[in-house]
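Structural overview
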Amino acid sequence: AIWCLMMSLTPTRGCLLDLPWEDILVPHILCHLPLQQLLSLQRVSKSFQSLIQLYLANMRCFDSSQIGPAIPRAAFVNLLKDNEVLQQLALQNCSEWLTDRELLPVIGQNHHLHQIQLKGCAQLSRHALVAISLSCPNLRQLSLAHCEWVDSLSLRSLADHCKALEAVDLTACRQLKDEAICYLVQKCSRLKSLSLAVNANVGDVAVEETAKCCPELEHLDLTGCLRVKNDSIRVLAEYCPKLRSLKVKHCHNVAESSLSILRSRGVELDVEPPLQRALVLLQDVVGFAPFINLQI
């Protein structure tokens, strides 16, 4: 309905564009339109082009998925070249075109960012993470999943400068070892959500230090961390009373003896208790679940 309204009110009628741009059009009308439609709106007239440029310069949230992963890099640079007030930046899966050259200027001029999503951006380098740490002191959420360029030195820079972090996704950041994770959690004790999934180098040392340093921890993903064992899960249960979910699927050295403590507290686990798993397997084999007297 808003799109039809804007297209029906042409500049010659003098209705829409006579409204205050910064007080009405940008915060109350344009914000309800998909970004792709706003970019199309620029072609209506020079006045509309100026209006959209004003909107882009004052945009608080940019999500590349609204345009699509195939956005030309020149278009990305042009969209954000005048913006210095971004608070959320989502560029997940832009690996085909996003490099340091495009990202660093955006990071460097936006010091109010508190949420950054870079999942799968494989062509960036450690310099991107260093730039984020130096330019975004109020950063609270950061996803670096499947960014294998993240190393211990760049993560230390993040920990030193972004101590307000509450959620960090380091899934499949395969260069990271226990030492780097320990440094991060020691500096960023406000963490509520942390993913260390699919990292064969992460073990008990990192998990225990996370538990002891981050009492506010609510979500921890250790999927596929083969070096994690029962002892660190017990420490997690002892030091993290606010833990709500724990993922330990494919952690073959984690047994029910440690998980039962968390299970009894209502923590959501991604593995079933042994009896339940056995029933599911039996049902798959014989086609029905047998009756079992659980009071025996």
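Residues numbered from 1 in each chain as written. Predicted model: local features only at pLDDT ≥ 70, side-chain atom pairs only at ≥ 80, totals over all residues. Heavy atoms only, no water.

Turning to the side chain of N83, a few remarks are in order. Mapped onto the secondary structure, N83 falls in the loop between α5 (73-80) and β2 (88-90). Given the relative accessible area of 0%, N83 is considered buried. In terms of polar contacts, N83 uses its side chain to reach the backbone amide nitrogen of V85, at 2.8 Å. (Helix = DSSP H or I, 4+ residues; strand = E, 2+ residues; numbered from the N terminus. Buried < 20%, exposed > 50% of the residue type's maximum accessible area, 1.4 Å probe, protein only. Polar contact = N/O pair within 3.5 Å; in protein donor to acceptor, adjacent residues only side chain to side chain.)

So, about the packing of aromatic side chains. In this structure the tally under the stated criterion is two aromatic pairs. In textbook terms, an aromatic cluster arises when at least three aromatic residues are bridged by ring pairs, as seen for F62, F76 and W97. Across from the ring centre of Y183, 3.8 Å away, lies the NZ or CZ of R156, which sits over that ring. (Phe/Tyr/Trp six-rings, centres within 6.5 Å; stacked < 30°, edge-to-face > 60°. Lys NZ or Arg CZ within 6 Å of the ring centre and 35° of its normal.)

A few words now on the confidence of the model for the protein. With 82% of its residues at a pLDDT of 70 or more, the protein shows a mean pLDDT of 86. Confidence drops under a pLDDT of 50 for residues 7-12, and excluding neighbours within four residues, the segment shows nine contacts in the predicted structure. Across residues 291-296, confidence stays below pLDDT 50; counting only partners more than four residues off in sequence or on other chains, it has two contacts. (pLDDT = per-residue confidence, 0-100. Contact = heavy atoms within 4.5 Å.)

This part takes up the pattern of salt bridges. Under the definition given, this model contains 10 salt bridges. Across the salt bridge formed by E218 and R244, the nearest N and O atoms sit 3.3 Å from each other. Linking E218 in the loop between α10 (204-213) and β7 (219-221) with R244 in the loop between α11 (230-239) and β8 (245-247), this pair joins segments that are 26 residues apart in sequence. One salt bridge connects E256 with R263, and the closest N-O pair in it is separated by 2.9 Å. Note on R263: relative accessible area 24%, which makes it partly exposed. (Salt bridge = Lys/Arg side-chain N within 4 Å of Asp/Glu carboxyl O.)

Let us look at the sheet that holds strand β1 (residues 61-63). Strands sit in the order β1-β2-β3-β4-β5-β6-β7-β8-β9 across an open sheet of nine strands; the sheet is parallel. In this open sheet, the two edge strands, each paired with only one partner strand, are β1 and β9 (268-269). With three bridges connecting them, β2 and strand β3 (residues 115-117) associate as parallel partners. The residue bridging Q88 from the neighbouring strand is Q115, located in β3. (Pairing = 2+ DSSP bridges.)

On to unusual backbone geometry. Of note, A172 is a non-glycine position whose phi angle comes to about 60 degrees, a positive value. With phi around 55 degrees, V198 is a residue other than glycine that occupies positive phi space. As for its position among the elements, V198 is in the loop between β6 (193-195) and α10.

A packed helix pair is summarised by two numbers, namely the angle formed by the two axes and the spacing between the axes. The contact between helix α8 (residues 152-161) and helix α9 (residues 178-187) brings their axes to 9 Å, and the two run at 5 degrees. As far as their axial angle goes, α9 and α8 are roughly parallel. Counted together, S152, L155, R156, A159 and D160 of α8 and A180, I181, Y183, L184 and K187 of α9 form the full contact between these two elements. Per-class residue counts for the contact of α8 with α9 are six nonpolar, one polar and three charged. (Axes fitted to C-alpha atoms, helices over the stretch in contact; angles between N-to-C directions. Parallel < 35°, antiparallel > 145°, perpendicular 65-115°, else oblique. Nonpolar A, V, L, I, M, F, W, Y, C, P; charged D, E, K, R; others polar.)

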